[in-house]
Each structure stands twice: as C-alpha cells, then as structure tokens.
Amino acid sequence: MRYIVGYSADRRGREALNLGVALGRSMGAELDVVLVLKAEDAYAGALRGHGNYAELVKERAKEWLREAAESVPADVVARYHLRRSVNAATGLMEMAESVNAGAIVVGSSSKSSWLWHGIGSVDNALLHRAPLPVIIAPRGYENSIAITAIDCAVSPKDDSIGLVEEAIATLNRTGIPVRLVCMVDGSAEEDEGRVKEAVEGLIEDSSLTPDEPEKLEVVVGHGRGISEAVESLDWKEGAVLMAGSSKLAQKGELFLSSTTSKILAKLPIPIVVVPREYHPGRYGSEAQPWTGQLRAIDPDRARKTGK
Amino acid sequence: MPSSSQQRKDPGRSDGAGVTIHTSTSPIVRPSTPDVTIIGGDGKKQAKGLSAASIGLVGATVIGVSTIAPAYTLSGALGPTVSVVGFHLPAIFLLGFIPMLLVALGYRELNSAMPDSGTTFTWATKAFGPWVGWMGGWGLLASTVLVLSNLAGIGVDFFYLLLSQIFRNDAIADLTRNVPLNVLTCLVFMAGACVISYRGVEETKRFQIFLVSFQLLIMVGFSVVAIVHVLNGSAFDGHMPNIEWFNPLGVDSFSAFSAGVSLSVFIYWGWDTVLTLNEETEGSDKTPGRAALLVIAIVVVLYLLVACSTLAYSGVGDGRLGLTNGGIQENVFAALATPVLGPLGILMSIAVLMSSIASLQSTMVSPARTMLSMSFYGALPKGLSRIHPKFQTPSTATVTSTVVAAVFYTVMRFVSEDVLWDTISALGLMVCFYYGLTALACVWYFRKSSLRSVRTAFSQFIGPLLGGILLLIFFVRTTIDSFDPAYGSGSSLFGVGLVFYLGAGMIVLGLVVMLVLSRRLTSFFRGEVTVAPGAVDRA
C-alpha cells in the first residue's frame with residue numbers, strides 16, 4: 001500500500017510528512033512524497049516574459065525534496081516525485097491514480113489561526129472531489145511515531161450503519177483500538193444515554209463482528225453545538241478520526257459534509273475523510289483500505305523502536 | 001512515469017544527496033490540443049514553458065497589445081513627447097518604431113539562443129562579461145522600478161477621476177493633487193499588485209481579451225469624437241490634421257528629435273514579447289510573425305490616430321487643455337476625457353485605470369524574475385533568489401521591487417510636482433540604455449556566426465548594430481540635454497534638471513552599488529560563474 005504525501009517546503013508540508021511517516025510505520029505502507037509544480041498558463045506565462053524561471057523553480061523543488069528525504073527515517077520506504085500540473089490538488093489526485101495509492105495525506109492551511117484544521121484551497125478541492133480517502137494533519141502536528149488509535153465519527157441514525165461496519169472492518173484489519181465517536185448537539189442530561197444505546201444497536205445490527213470486542217468502544221460527546229461536543233471529548237495523541245462523506249457526494253467520491261467541517265474546526269488530531277459508500281474489500285468493492293491490508297504493526301513495539 | 005521498477009530507498013542510507021526524484025507531467029498540461037494552453041516540464045522544447053501553437057494568432061496579438069498597454073502608455077507619453085516635438089508627434093511615433101524593431105530582432109535572436117529569465121543581464125554578461133552585464137541588468141531593473149511607480153501614479157489619477165465622474169463631483173478629481181493622499185492611494189495600489197504577484201494569481205485569457213478590446217474601442221471612440229469636435233468647431237483649439245505632422249525633418253533640433261525618439265521607444269516597450277513567442281513554435285512559425293505584424297499594425301495605427309486626433313483637438317498651446325500645459329501634460333487623458341467624451345468620459349477613465357492596473361500587475365512579475373535570476377547567478381545577494389514554497393513565485397524579489405518602487409514614488413512625489421512626467425522621460429532614457437546594450441550584446445555574441453547567411457547577417461548583425469547604436473546615441477544626447485534645469489517638466493534640484501538625476505543618476509547609483517556588491521559577491525565579478533550554461537553556442 002502506498003500513501004501520497006502532498007509535500008511543500010513549509011510547515012504544512014512538513015506536518016503532512018510527519019503524519020505520512022506515522023501512518024507508513026503503523027500500516028506498513030510506503031510513501032510517495034509528491035511536490036506539485038505549478039504549470040503556468042500560456043497567456044500568463046507570455047505576459048510575464050520568458051526564460052528559464054520554470055527550470056529554476058524545478059531545481060529548487062528538487063532541493064526541497066532532498067531536504068524532505070533527510071527527515072524521513074530509514075525504516076520508512078519513500079519515493080520522491082515532482083509532478084507538473086495545473087494545481088496541487090489535481091497533481092496529487094493524478095499521482096494517486098498512477099501509483100494506485102490508498103490515501104492522500106496533506107497538511108492544514110494556516111489561513112484561520114484559531115482553528116486546528118484550516119481548510120486551504122488544496123484541501124478543499126481534495127475534500128470535495130477525491131476518489132480515495134484524504135487524510136489531513138492538524139496544524140502543529142508532530143507525531144511521526146505511530147498511529148495508536150482510530151476514532152470513527154458516527155451518528156446514532158440508521159444511515160451510519162455503513163460507517164459502523166467499516167469501523168469494525170478497520171479494527172479487524174488492523175488490530176488498532178477503535179472508538180465509535182458520536183458528537184451530540186445537546187446536554188448529556190437530555191440525552192439520558194439514548195445516543196450510546198443507539199450506536200451500540202448499530203454495532204449489533206452490523207453484518208460484521210469485531211474479532212477483538214474489547215478494543216471497540218463507543219463514546220458520546222455533548223455540548224451546545226457540534227464544536228462544543230468535539231471539545232468535550234478526550235482526543236488521544238496518536239489517534240486519527242475517520243469520517244464519512246456527505247450524501248451529496250457521488251458514489252465513491254469525497255464530499256465534505258457540513259457536520260464534518262464543523263468537527264474539523266475543533267479537532268486536534270488528524271482526520272481521515274473516506275468516500276461515500278466506502279467499504280473496501282466488501283460488497284464487491286475493489287477500493288483499497290486506507291489502513292492497508294496488513295495488520296498494523298504493534299504500536300508499543302513501534303514506539304520503542306521509534307525512540 | 002512512476003513504476004514498480006523504481007529503486008527503493010535503501011533503509012540503511014540516511015544521506016539525502018542520493019535521493020532519486022521522479023519527474024512527471026500531467027497529461028492535461030501538455031499542449032496536445034489547441035484548447036489546452038499549457039506547458040510541460042520534461043521535454044527540452046516544453047521546458048521553456050510555452051506552446052505558441054496553443055496560443056494562436058488572436059492570443060498572441062492580445063498578449064502583444066496588452067504588454068504595450070496603449071491606453072496607459074499614451075496617457076503618460078503624449079504630453080512629454082508633444083512638449084519636445086510639437087505638432088510633429090505622429091512623425092516621431094512612426095520613426096521611434098524603427099530602432100525598436102531593429103533591437104527587437106536582436107532580442108529575439110538572443111532569446112532563442114539563451115532563454116533565460118535574466119534577459120539583458122544574462123545576455124550582456126555572456127557577451128561582455130560580468131561588469132557590463134550587471135549594468136545591463138541594473139538598467140532593466142531601474143526601468144521597471146520607474147515604470148511601476150509611473151503606472152501606479154497614473155492609476156491614482158484615474159482612480160480619483162473615476163470617483164468624481166461617478167459621484168458627479170469635480171472636487172474629488174482634485175484629491176489626486178493632495179500629495180499625502182496621492183502617495184497613500186498609490187501605495188495601496190502597489191501593495192495590491194504585489195500581493196497578487198506574490199501569490200502567483202494568473203490573468204485569464206478571457207480577461208485579457210476583454211481588457212484589450214475595451215482599450216482599443218475606447219481609444220478609437222475617443223479619437224473619432226475628438227475629430228468630430230474639430231469638424232464642428234467645438235474643439236478646444238481645433239486644427240485639421242496636416243501632412244506636415246508626419247514630416248520628421250520638421251522637428252526643430254536634433255535634441256528635440258532625440259528626446260522624442262527616446263520617449264517613443266518607451267511607447268513601444270514590451271512589443272518584443274510577441275517576437276519571443278516564436279521560440280515555442282514547432283514546425284509552423286508563421287503565427288508569431290503574423291501576430292507581431294498585426295500587433296504593430298494595430299498599435300501604430302492606433303498611436304497615429306490618437307496622436308492626430310489629440311493634436312487636432314487640443315493643439316500645442318499651453319491653454320487649459322493645450323498639450324503643452326504643464327498641468328495636464330503628465331496625464332493627458334485625465335484632462336481630456338470629460339471635455340471630449342462628455343458623460344461617456346467615464347469609460348475612458350475605466351479603460352486607462354484598468355490598463356494601468358493590469359499592466360502594473362504584469363510588469364511586477366518580470367523584474368522579480370530578472371532579480372531572481374541575477375541572484376541565482378550570484379550577481380545580487382542570495383536572499384533575493386528565494387522561491388516561495390507554496391506559491392512558487394519569486395517572493396522576496398517581488399516584495400523588494402515593490403518596496404523600492406514605492407519608496408521611489410513617495411520621495412519623487414514630494415520632490416517634484418510633475419513626477420509622472422519626469423519618470424516617463426527618465427524611463428525613455430533607461431530603456432534606450434539597456435535596449436541599446438542588449439542589441440550590442442547580440443552583435444558581439446553572434447559575431448562569428450552572424451555573417452554566414454543573409455538572414456542572420458541582418459537579424460544578428462546589421463539590425464541590432466544599427467538599432468543599438470541609434471538608441472545609445474539618443475541616450476547620450478538626451479542625457480546631456482536633461483542636465484538643463486528646464487528639461488522635461490522643468491523640475492530641478494540644485495540647478496540640474498530632475499530627469500538628469502533620474503537617468504544619469506540612476507546609472508551612477510548602479511555603478512556605486514555594483515562596486516559595493518563586487519566586494520561581497522566576488523565570484524560573479526571575477527567571472528567565475530557561468531551564466532546560461534545551456535546556451536546554444538553559435539559562435
């Protein structure tokens with residue numbers, strides 16, 4: 001399995017690379033670190049005068065990739081690519097297709113300073129179009145050791161069943177502890193535990209059973225509005241949150257839902273947004289799971305070797 | 001294309017120097033169909049960035065006209081040129097094109113042998129060594145700083161004129177005379193253009209076509225209405241266009257002639273862009289040639305039309321709307337728009353404002369790239385060669401050129417009331433200087449090979465030699481004349497004309513900066529750096 005890491009020689013690119021390394025180590029995946037070079041429009045190019053500017057940028061970009069290579073630890077297999085394309089999102093999606101990648105890993109924009117996940121134009125394009133999971137590192141992401149837990153954002157409604165099944169499949173595939181996370185707009189008193197019951201009901205209705213039920217947990221966050229609910233929960237370092245796409249998405253493509261975009265604003269851990277009707281390996285789907293086919297490398301062992 | 005055969009990173013190796021980097025280009029970027037207008041990165045031919053076939057005749061013509069920015073150029077250059085050559089303006093506009101054409105031939109030859117963002121700097125260094133090359137680069141950068149400040153200044157005038165036309169309040173148009181307000185507005189414009197360039201936002205084809213058509217339409221409309229005023233006797237100082245206006249021998253003195261030509265060099269500045277499009281054609285190279293002819297036909301006809309109609313309407317007196325009235329000369333259309341077009345004058349304001357703002361933005365990019373290229377070869381401090389990791393633009397160089405232009409404009413605005421006029425005059429001088437140098441660099445660089453065929457003898461030797469010598473003669477003559485405090489707008493400092501400081505002073509400043517830098521950037525000035533290493537050696 002291969003991850004596309006959208007790299008740029010700045011904070012955002014380095015954080016994407018950190019996350020890529022953590023994912024690569026945990027899932028036994030290889031990285032394709034991609035720097036997208038902007039292709040200038042012929043009109044704009046001619047207006048700006050000719051010359052070798054594109055060549056100079058390319059040479060500089062090679063240096064950037066070499067710097068990136070230095071920060072990738074020796075136990076992670078990585079390839080480095082320069083891709084010339086019309087924009088970064090297109091370039092990353094093209095590379096993902098050509099290497100048959102399992103997911104695209106990118107960093108957060110720094111546009112809105114009070115939010116953890118700033119959705120820049122690149123993220124935005126990927127989150128509304130990509131045909132494969134997109135993983136976004138929050139601002140300031142430093143963990144490159146391992147992924148130790150997977151959270152999955154679900155709603156207590158019946159239409160979450162697909163995502164619950166995929167969460168169980170992910171647990172069975174990786175052996176990494178999975179939490180089904182429900183964020184509720186309202187106080188815990190009003191709810192009286194019904195939300196948790198509903199989610200547990202979904203687990204029972206699921207066509208899959210967890211191999212290690214003790215690693216599957218349901219947690220509910222409450223608050224006035226989704227963002228408070230997100231803040232009420234305890235997000236572990238080393239965890240990632242998996243979220244589904246909006247019903248607006250075409251089948252097999254991403255489309256960020258409004259709830260997920262509210263979650264993103266307050267979420268301090270990476271998010272994995274999967275396409276609509278994402279059930280790799282089941283119901284005849286040929287999609288690759290973003291966690292890879294192998295059981296994840298034991299997080300504790302990975303920690304030790306990482307240190 | 002990436003494939004499984006690519007070598008894996010050796011887990012035992014942490015040294016980054018041996019990293020394999022795979023390069024690929026998006027299929028939608030390759031110029032495979034006429035609709036796709038972009039550039040590849042792999043092939044030798046594509047590396048330069050353009051496919052002329054994908055631009056087409058209309059596109060190339062639009063690029064040519066928009067780099068000249070006729071509405072802005074005429075508004076700034078008509079007054080200063082009339083003040084030296086009077087009614088012989090059309091003759092000078094026609095003649096001024098000749099050295100420009102000759103130099104453009106050399107420009108095109110050099111661009112084809114050494115496509116390099118440093119242009120004049122790189123070519124002159126290749127031909128004459130680091131010192132002369134550095135001064136060529138300085139001339140180019142100085143011209144751009146001058147034109148940036150002038151563009152923004154013209155933009156400010158039209159901005160307030162437009163506001164006054166919208167709100168039907170003449171007092172607003174006079175706000176541009178308020179120096180602190182004018183400077184502040186100008187800085188806002190420059191900052192805006194800088195941000196756009198910094199972020200690498202691109203103009204779209206459609207926007208360019210609209211902009212160019214709008215400019216042309218308004219200029220032609222303006223000329224026709226002005227002539228109608230003359231015919232009706234309602235012109236300010238009506239004269240029927242006269243064949244004598246086209247007689248260059250009627251110009252009083254060689255000084256006036258030289259000053260006129262150096263100004264008209266400025267009005268054609270940028271035209272060579274069309275010729276360099278030629279480089280990207282494979283097989284059919286007729287399109288750029290046709291486009292170049294078409295552009296020049298459009299521009300010359302337009303310039304003559306506007307020159308004749310403006311002269312016919314306003315005359316060369318120094319009355320309220322006379323073309324030698326110092327108060328209106330530096331920005332003629334701002335004064336004439338409303339009297340000629342009446343309420344439709346607002347269209348004129350929009351046309352010139354858009355022309356100068358679009359030009360401001362595209363002008364900002366090329367010097368930044370030249371600066372980056374000079375820095376890359378070690379001729380300027382290393383910091384200037386920073387490329388922004390996200391926007392992939394020459395960010396530091398862009399900011400630097402904006403700051404210099406802004407400081408320059410601010411100082412000049414406080415020193416001289418007629419700053420726009422004087423910068424245009426100085427700009428003509430600087431363009432003569434660095435274009436002249438570029439032309440001679442072409443002659444010298446191709447000296448061994450140019451006489452092998454009739455075509456190259458003309459395009460690499462005779463043409464550029466003649467053009468270069470002519471421009472340098474005009475440069476020297478006009479520089480000497482500009483010493484006179486009465487030269488140009490009549491602004492002077494310590495009894496010496498301001499244009500002299502801006503022209504000759506700029507070059508002296510360049511020499512000083514070069515000497516200072518040569519102590520720090522020793523390897524470039526010792527000639528240890530090879531510029532344009534991939535140049536086609538035709539010698």
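This structure is a prediction, so every number in the text was calculated from the model and none was measured. (Residues numbered from 1 in each chain as written. Chains lettered and ligands numbered in written order. Predicted model: local features only at pLDDT ≥ 70, side-chain atom pairs only at ≥ 80, totals over all residues.)

Enquirer: For this particular structure, what's the right way to read the overall build of chain A?
Expert: Scanning chain A for helices and strands turns up 11 helices and 10 strands. Out of the 307 residues in chain A, the part that is buried amounts to 56%. Counted over contacts in chain A with a minimum sequence separation of 6, partners at least 24 positions apart contribute 76%. (Helix = DSSP H or I, 4+ residues; strand = E, 2+ residues; numbered from the N terminus. Buried ≥ 20, exposed ≤ 12 C-beta atoms within 10 Å, placed from the backbone. Contact = placed C-beta atoms within 7 Å.)

Enquirer: Mind showing me how you'd approach the overall build of chain B here?
Expert: Secondary structure summary: chain B contains 20 helices and three strands in total. Per-residue burial for chain B yields a buried fraction of 57% across its 539 residues. Summarising the internal contacts of chain B: among those between residues at least 6 apart in sequence, 75% fall at separations of at least 24.

Enquirer: What exactly am I supposed to notice about the nonpolar core here?
Expert: Proteins that are soluble and globular tend to have nonpolar side chains buried together. If you look at the biggest cluster of nonpolar residues, it comprises 166 residues, and the most contacted ones within it are B:Val265 and B:Met430. Grouped together as the second largest cluster of nonpolar side chains are 105 residues, A:Val5, A:Tyr7, A:Ala239 and A:Leu264 included. (Core = buried A, V, L, I, M, F, W, Y, C linked by C-beta atoms within 7 Å.)

Enquirer: I tried to follow the domain arrangement of chain A on my own but got confused; where do I start?
Expert: The accessible area lost on association of the parts is a frequent measure of interface size. Residue and element names in this part refer to chain A. What the domain assignment lists for chain A is domain 1 (2-136) and domain 2 (149-306). If you list the elements that add at least two residues to the side of domain 1 that touches domain 2, you get helix H1 (11-27) and strand E5 (134-136). The element contributing the most residues to the side of domain 1 that touches domain 2 is H1, with four residues. Taken together, the residues of the side of domain 1 that touches domain 2 break down into 15 nonpolar, five polar and two charged. (Domains from an automatic or database assignment. Nonpolar A, V, L, I, M, F, W, Y, C, P; charged D, E, K, R; others polar.)

Enquirer: Explain helix H5 (residues 120-128) of chain B to me, please; I cannot follow it from the model alone.
Expert: Along an α-helix, residues three or four apart share an orientation, since each turn contains 3.6 residues. Residue and element names in this part refer to chain B. Most of H5 sits out of view: eight of its nine residues are buried. Looking at H5, one finds that the buried residues are Thr120, Phe121, Thr122, Trp123, Ala124, Thr125, Lys126 and Ala127. Lining the buried residues of H5 we find helix H4 (89-113), helix H6 (130-167), helix H15 (345-376) and helix H17 (419-445). Gly129 sits one or two residues past H5 and shows a positive phi near 95°.

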